[in-house]
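Residue-level listing of the chains:
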Amino acid sequence: MRNMFITLQSRTKLLVGLVGSIAVLSIALLWMSDFAVDAERQATARQAEFRQLGLDLAKASDFLTNEARAYAASGNQRHYDNYWREVKETKTRDRVVQRLKELGAPQAELDLIEEARQNSDALVRTEDGAMKAVADGDMETARQLMFGDEYDRQKAIIMKPLAEFQKTM
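Novice: Before we move on, can you summarise the overall build of the protein with the specific residues and values?
Specialist: Within the protein, the regular secondary structure consists of six helices and zero strands. Against the compact-globule benchmark of 15 Å for 169 residues, the protein has a radius of gyration of 31 Å, which places it well outside the compact range. With the C-alpha coordinates aligned to their principal axes, the bounding extent of the protein is approximately 115 × 25 × 20 Å. Looking at the protein as a whole, 30% of its 169 residues qualify as buried. Considering only contacts within the protein whose residues lie at least 6 apart along the sequence, 76% involve residues at least 24 apart. With an accessible surface of roughly 11300 Å², the protein has 58% of that area assigned to carbon and sulfur atoms. Charge-centre separation for the protein: the mean point of 24 positive side chains lies 10 Å from the mean point of 26 negative side chains.

Novice: Can you lay out the nonpolar core for me, pointing to particular residues and giving the numbers?
Specialist: Tyr-83, Leu-100, Ile-113, Met-131, Ala-142, Met-146 and Leu-162 are the most contacted members of the largest nonpolar core, which has 28 residues in total. For this core, the secondary-structure elements that each account for two or more residues are helix H1 (2–74), helix H2 (77–90), helix H3 (92–102), helix H4 (107–135), helix H5 (139–147) and helix H6 (149–168). Excluding residues that lie within four positions of it along the chain, Tyr-83 makes contacts with Leu-64, Glu-67, Ala-68, Val-124, Glu-127 and Met-131.

Each value, and the rule that gives it
- Residues numbered from 1 in each chain as written.
- Predicted model: local features only at pLDDT ≥ 70, side-chain atom pairs only at ≥ 80, totals over all residues.
- Heavy atoms only, no water.
- Helix = DSSP H or I, 4+ residues; strand = E, 2+ residues; numbered from the N terminus.
- Rg over C-alpha atoms; globule rule 2.2 N^0.38 Å.
- Buried < 20%, exposed > 50% of the residue type's maximum accessible area, 1.4 Å probe, protein only.
- Contact = heavy atoms within 4.5 Å.
- Areas by Shrake-Rupley, 256 points an atom, 1.4 Å probe, with all protein chains shown as cover.
- Lys, Arg positive; Asp, Glu negative; His and termini not counted.
- Charge placed at Lys NZ, Arg CZ, Asp CG, Glu CD.
- Core = buried A, V, L, I, M, F, W, Y, C linked by side-chain atoms within 4.5 Å.

Function cannot be read off these values alone, since they describe shape.
See the structure below:
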């Protein structure tokens, strides 16, 4: 009878230990699952922010193009002021690059943004030349600079790395 009691007691301890182990394992699996879901949410949010930052860059580039073209076509000072406010005050590109660095963007993506910036130098020279032509009263030259095939080619060169950035993100 005593052996039976010991055996029953051993089985009970074994069962309690097994149930306890299952409970600990279940809690660990739930914690790991929650951790994985949280990591996925963070990655999705980060990816969405990267995409938005890429869109902000493209939008800022298009804004500058539109304002420079509007100024060349109309001579309206408002467009000139809007253009230079973006370049000197709003500085979308600088803000985007800073945020990408804060988010730990891979260097390859930052390199695409830098490539677009370097490519934009030629476009800025063209836009500046057109603005100077407007200031000199030479609207025809301003329009030729801003609406010619060369401007469109330069703009496409800028947008290529930005599109690649968007694709990568």
